[in-house]
Amino acid sequence: MVKARKYVVKRQFDGVPKRDDFEIVQYELPSLRNGEILVKTEWVSVDPYQRAYNRKYPTPYDQFGFLVGVVEDTKNPKYSIGTRVVTHKGWCDYSIVNPNESSTMNNIVYKLPELKGLSPIHGLSSVGMVGVTAYFGLLEICQPKPGETVVVTGAAGAVGSLVGQIAKIKGCRVIGFAGSDDKVDWLQNTLGFDKAYNYKTANINETLKIAAPNGVDCYFDNVGGEISSIIMSHMNHFGRVSVCGSISAYNDDVSQLPRVPLLQFDITMKQLKVEGFLVHRWLTRWSEAFVDLTKWLLEGKLKTNEHITEGFDKIYDAFIGMLAGENTGKAVVKI
């Protein structure tokens, strides 16, 4: 019998999640049944959607999320011992999954994509859920064309940093907004963004008049709030907006969400397309994105940074740090 640990969410979050909202539970895993595999976790992902989705689940529930692990025991002939896999079993050190029943995001299991010598950590970042979020959210919804101007908020985060680079690969001019001068420097001098700005100190409206004098064609929105309203007021006719998230309000009281300027006038008069998405829409096509993303990484066209925290007991700290914007690039935990 294998003793496992997992994080259980005991109550709905009120504002910033608190340490005592979680409980680390130790328990014994049952014996494997036919088709199942035992996975030892190597890397755990912490992501904004884990905060956002808290409102959707009755408590208590096991904290979900993506992980990369290695098969330690198996009763599935397609998954031999030593195989690395990606699952959505969440914040745990051991788990049992059945790849034969993998059909939705909640029970997804797949072999770690062929990374051609790259670190398995990419299975949680550029060649994982984060990568396909950037890939499909930009290319399918915004459909950027060479020479167009693309604006990204949350640009130094896991998704935003990839969105900007993919837009550059597609021949676009890219403007990013992030939350510190160090992040701005990283975006411009390491990732190759054409312009980047600290949203905490910049006048967004005046900045865009200078940085995008011919208007904005595509906007990838990770944050919501007033900054998004301002950016959308600078968009060109028939501009496209891909709404990935609204991290600026995830910790706010749902009954007292911040007020923002009205968007409907710009949407109507400029005939904008504004579309939200959940990445599992393209679940059957993830492998298609993995091929391109891996190729771009190997060619040096995509650069990543992983903000690594070590230790199972530190997952909560990594989660809170990510929500506070302490990470540059993808926040992950090494177990």
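To be clear, the structure that these remarks concern was listed above.
Only a predicted model underlies this, so the values are computations on that prediction, with no experimental measurement involved. (Residues numbered from 1 in each chain as written. Predicted model: local features only at pLDDT ≥ 70, side-chain atom pairs only at ≥ 80, totals over all residues. Heavy atoms only, no water.)

(A) Fine view of the packing of helix 5 (residues 204-211) against helix 6 (residues 225-233). For the pair helix 5 and helix 6, the least separation of the axes is 10 Å and the interaxial angle reads 35 degrees. For the pair helix 5 and helix 6, the crossing hand works out as right-handed. Counting all contacts with helix 5, which are made through I204, N205 and L208, the residues of helix 6 involved are I227, I230 and I231. Looking at the contact of helix 5 with helix 6 residue by residue, the class counts come to five nonpolar, one polar and no charged. (Axes fitted to C-alpha atoms, helices over the stretch in contact; angles between N-to-C directions. Helix = DSSP H or I, 4+ residues; strand = E, 2+ residues; numbered from the N terminus. Left-handed = near helix turned anticlockwise from the far one by under 90°. Contact = heavy atoms within 4.5 Å. Nonpolar A, V, L, I, M, F, W, Y, C, P; charged D, E, K, R; others polar.)

(B) Examining the side chain of T133 more closely. Turning to its location among the elements, T133 is positioned in helix 2 (residues 129-142). When its relative accessible area of 6% is taken as the criterion, T133 is described as buried. Filtering out sequence-adjacent residues up to four positions away, T133 remains in contact with L138, V159, F220, C244, F277 and V279. (Buried < 20%, exposed > 50% of the residue type's maximum accessible area, 1.4 Å probe, protein only.)

(C) Quick peek at the sheet that holds strand 10 (residues 173-178). Strand order in the open sheet made by the six strands is 11-10-9-12-13-14, with parallel pairing throughout. The open sheet terminates on both sides in strands that have one partner only, identified here as strand 11 (195-198) and strand 14 (273-276). When strand polarity is set aside, the average angle formed by the axes of neighbouring strands in this sheet is 15 degrees. Note that strand 12 (residues 216-221) and strand 13 (residues 235-243) share five bridges and pair parallel. Bridging across to strand 13, Y219 finds its partner in V241. Here helix 2 sits on the sheet and contacts strand 9 (149-153), strand 12, strand 13 and strand 14; the angle it forms with strand 13, its principal contact strand, is near 150 degrees. (Pairing = 2+ DSSP bridges.)

(D) Just the environment of K303, in detail. Of note, K303 is situated in the loop between helix 8 (286-298) and strand 15 (306-310). In this structure the C-alpha to C-alpha distance between K303 and G192, which are 111 residues apart in sequence, comes to 9.6 Å. If near-sequence neighbours (up to four positions away) are discounted, K303 is found in contact with Q165, T190 and L191. Only 3.4 Å separates the side chain of K303 from the backbone oxygen of G300, close enough to count as a polar contact. (Polar contact = N/O pair within 3.5 Å; in protein donor to acceptor, adjacent residues only side chain to side chain.)

(E) Structural context of the pairing of strand 16 (residues 330-334). Across the five residues of strand 16, four count as buried, placing the element largely inside the fold. Relative to strand 16, strand 15 runs parallel, the two being bridged by five bridges. Directly across from I308, in strand 16, lies its bridge partner V332.

(F) Local environment of the environment of Y135. Examined against the element boundaries, Y135 turns out to sit in helix 2. Taking the C-alpha atoms as reference points, Y135 and V150, separated by 15 residues in sequence, lie 14 Å from one another. Apart from the residues within four sequence positions on either side, Y135 is in contact with E140, I166, E288, A289, D292, L293 and W296. Looking at Y135, its side chain comes within polar contact range of the side chain of D292, at 2.6 Å.

(G) Region of interest: the packing of helix 2 against helix 3 (residues 158-169). Two numbers describe how helix 2 lies on helix 3: the axes approach to 8 Å, and their chain directions differ by 50 degrees. Of the possible angle classes, the one that applies to helix 2 and helix 3 is oblique. In this structure, helix 2 meets helix 3 at a crossing whose hand is right-handed. Here V130, G131, T133, A134, Y135, L138 and L139 of helix 2 lie close against helix 3, whose contacting residues are A158, V159, L162, V163, I166 and A167. Tallied by class, the residues present in the contact of helix 2 with helix 3 amount to 11 nonpolar, two polar and no charged. (Parallel < 35°, antiparallel > 145°, perpendicular 65-115°, else oblique.)

(H) How the structure looks around the side chain of S242. On the secondary structure map, S242 appears in strand 13. The class of S242 is buried, set by a relative accessible area of 0%. A distance of 2.9 Å separates the side chain of S242 from the backbone oxygen of G137, its partner in a polar contact. In this structure, S242 is in contact with G137, I141, C142, Y219, F220, D221, E275 and F277, ignoring residues within four places of it in sequence.

(I) Here's a closer look at unusual backbone geometry. Residue P60 follows T59 across a cis peptide bond; omega there is 0 degrees. Summarising the element assignment, P60 is placed in the loop between helix 1 (49-52) and strand 4 (61-62). The residue K116 is not glycine, and still its phi comes out positive at about 55 degrees. Overall, K116 belongs to the exposed group, its relative accessible area being 58%. Positive phi outside glycine occurs at Q271, with the angle close to 55 degrees. Inspection of the secondary structure puts Q271 in the loop between helix 7 (264-269) and strand 14.

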